[in-house]
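Residues per chain, in single letters:
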Amino acid sequence: MSDEIRYDTADEADVIRGEGRDEAAPAMPVDGLGCHSGSEMEKAARLAGNSGILDQYAADYPQGPHDKPQSMCPAFGSLRVGLRMRRTATVLSGSACCVYGLTFVSHFYGARRSVGYVPFNSETLVTGKLFEDIRESVHDLADPEKYDAIVVTNLCVPTASGVPLRLLPKEINGVRIVGIDVPGFGIPTHAEAKDVLAGAMLNYARAEAEAGPVARPKGGKSDRPTVTLLGEMFPADPMMIGAMLAPLGLAAGPVVPCREWRELYAALDCGLVAAIHPFYTAAVREFQAAGRPVIGSAPVGLDGTAAWLGAVADEFGVARAQLDAAKNAFLPAIRAALEGARIDGTITLSGYEGSELLVARLLIESGATVPYVGTACPKTPWSQADADWLAAKGVKVKFRASLEDDCAAMEAVRPDLAVGTTPVVQKAKQLGIPALYFTNLISARPLMGPAGAGSLAQVVNAAIANRERMAHMKEFFEGVGEGDTAGIWEGEPNLRPDFRAQHQKKLDKQARAAKAEEMI
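Below, the structure is looked at part by part. This structure is a prediction, so every number in the text was calculated from the model and none was measured.

Section: the overall build of the chain
Scanning the chain from N- to C-terminus turns up 22 helices and 14 strands. Here the C-alpha atoms of the chain give a radius of gyration of 25 Å, agreeing with the 24 Å that 2.2 N^0.38 yields for 520 residues. With respect to the principal axes defined by its C-alpha atoms, the chain has extents near 80 × 75 × 45 Å. Here the chain holds 520 residues, and 49% of them are scored as buried. Element-wise, carbon and sulfur atoms account for 53% of the exposed surface of the chain, whose accessible area totals about 25100 Å². Computing the positive centroid from 52 side-chain charges and the negative centroid from 63, the chain places the two 4 Å apart.

This is how it looks when you write it as structure tokens:
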């Protein structure tokens, strides 16, 4: 009998071997470690045995023209999902500056609970002590009176170093332990990081449900077949969708990402999954593994609502007369709302939330001209119907759009209004073009059914009406400089072209070295 003292089964896990090291390559990345050092961090992660994780992420979240995030840190998405769940603790493992930024942004967006942090230094990272510290922290935190689950997230450096969260116990004292890696060099957007955690939680919950009885939803089980709604949305939207499903003899199920663990079981126990946001690839995989069909698009606008209700009715075999009754109950109200809230103007639209195509459909049916829609999310089978509808209206849809794509479209079109991310809005206003931030001012509104049909007109029309004011402001500030020469100077701005030339040489040298490395 062994005298070794154990408190979990981590020693019984299979060992994953890292990839062989190229002798010609440096032992460690030279500098610039972080989500914006993409290739070097990815190499380190593969050498540390994380090839399987990175290969799955590459399949689920294919990279676009840029190999690093152009929005906020992707881990904010999964962090936000965890912080919104009741009886769920969140622990981060990463560089202190990253954790500070993530906690700051999470509290800025209304998080009202603490974020756990396991600090490390070079010694604890290299010796494996960091993993021991993480394991100790979850054991200390696992109180079933307070928590149903603990989410542990590896950020860039622990992922690149191979910190093995898979060796954590699956549960402690009845508290579930969910470990995920969310590196900036593997997850392109924070929207897709939501899918990483949602998929991991659904996988855990599906295994529990397959093993035996699980907790019932707080509100009890619906007496009608349910449609699970995939994607975060405005709080009124699920209720509106439920109202539109009622004439079909159906009910709206939970929204995934969920707000409580037991909702995951109810989400899996559905008759259909509606991928309102189409980028939840890992979550869809779990639903399909549970035998649940998935449809795309959403009940947005007149055409979208009619097509979506038809798709739902087909999946459940609803009688034609019942479907027609549902359409007759809601389509006239949607038509009236659209006609009563017209938008007259040209709008370019871009964002990274995943609902950009739905918003564009609503704007077009409200009367707006939308020549360009850019989304940082990838093209998936569940976005196809929306992309086809927009293409038929003459809209250029760009998946995995870069900031450069969005700015180029806005500058080329010179719209009456630019809706986009913060840097797009900033660029538009510098040009005297009215602009709105997509996340806070557009996506934070109802979009579904009659409630969504007239929701955008007021804020959009008010912004378009500001064009004269923007032109006046641009004229007023003309001549004060821009970029690094902006502001008030006593003399001429000190440009130092010699510094610029020296820095450009350094950048050119790095670019040549990267190109040579690719050829090898």
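Points about helix α9 (residues 236–245)
Taken across its 10 residues, α9 has 7 buried, putting it largely inside the fold. D237, P238, M240, I241, G242, M244 and L245 are the residues of α9 that are buried. The inward-facing, buried residues of α9 contact β6 (226–230), β7 (251–256), α12 (301–316), α13 (320–339) and α19 (449–453).

A short note on the sheet that holds strand β12 (residues 396–399)
Ordered in space as β12-β11-β10-β13-β14, the 5 strands form an open sheet in which the pairing is parallel. Edge positions in the sheet fall to β12 and β14 (435–437), since each of these pairs with one other strand and no more. Taking the axes of each pair of neighbouring strands and ignoring which way they run, one obtains an average angle of 10° across the sheet. The pairing of strand β11 (residues 369–375) with β12 spans 4 bridges and is parallel. Paired with V373 across the two strands is V397, which belongs to β12.

A few points about the nonpolar core
Counting residues in hydrophobic clusters, the biggest one holds 61 residues, and the most contacted among them are L248, W308, V312, L363, I442 and V460. Ranked by residues supplied to this core, first place goes to helix α14 (residues 356–365) with 7 residues. Those residues in contact with V460, other than ones at most four positions away along the chain, are I343, I347, L363, L417, L436 and I442. If you look at the next biggest cluster of nonpolar residues, it comprises 49 residues, including V151, V182, L202 and F287.

Re unusual backbone geometry
The omega angle of the peptide bond from V256 to P257 is 5°, so this bond is cis rather than trans. As for its placement among the helices and strands, P257 is situated in the loop between β7 and α10 (262–268). If you check the backbone angles, R87 has positive phi at about 55° while not being a glycine. Following the sequence through the fold, R87 ends up in the loop between α3 (75–83) and β1 (88–93).

Thoughts on the pattern of salt bridges
A full pass over the atoms with the stated rule returns 23 salt bridges. Notably, a salt bridge pairs K129 with D133, separated by 2.4 Å at the nearest N-O pair. With K129 and D133 both in helix α6 (residues 129–141) and 4 residues apart, the pair spans about one turn of that helix. The structure contains a network of salt bridges with shared partners spanning R80, R84, K194, E232 and E353.

A short note on the pairing of strand β5 (residues 175–181)
Counting buried positions along β5 gives 6 out of 7 residues, so the element sits mostly inside the fold. Bridge count between strand β3 (residues 149–154) and β5: 6 bridges; the pairing is parallel. Pairing of N154 across the sheet is with D181, part of β5. In the sheet, strand β4 (residues 171–172) pairs with β5 via 2 bridges, with the strands oriented antiparallel. Bridge pairing in β5 links E171 to R176. Between β4 and β5, which follow one another and run antiparallel, lie 2 residues, and N173 among them has a positive phi close to 55°.

Parameters and conventions
- Residues numbered from 1 in each chain as written.
- Predicted model: local features only at pLDDT ≥ 70, side-chain atom pairs only at ≥ 80, totals over all residues.
- Heavy atoms only, no water.
- Helix = DSSP H or I, 4+ residues; strand = E, 2+ residues; numbered from the N terminus.
- Rg over C-alpha atoms; globule rule 2.2 N^0.38 Å.
- Buried < 20%, exposed > 50% of the residue type's maximum accessible area, 1.4 Å probe, protein only.
- Areas by Shrake-Rupley, 256 points an atom, 1.4 Å probe, with all protein chains shown as cover.
- Lys, Arg positive; Asp, Glu negative; His and termini not counted.
- Charge placed at Lys NZ, Arg CZ, Asp CG, Glu CD.
- Contact = heavy atoms within 4.5 Å.
- Pairing = 2+ DSSP bridges.
- Axes fitted to C-alpha atoms, helices over the stretch in contact; angles between N-to-C directions.
- Core = buried A, V, L, I, M, F, W, Y, C linked by side-chain atoms within 4.5 Å.
- Salt bridge = Lys/Arg side-chain N within 4 Å of Asp/Glu carboxyl O.

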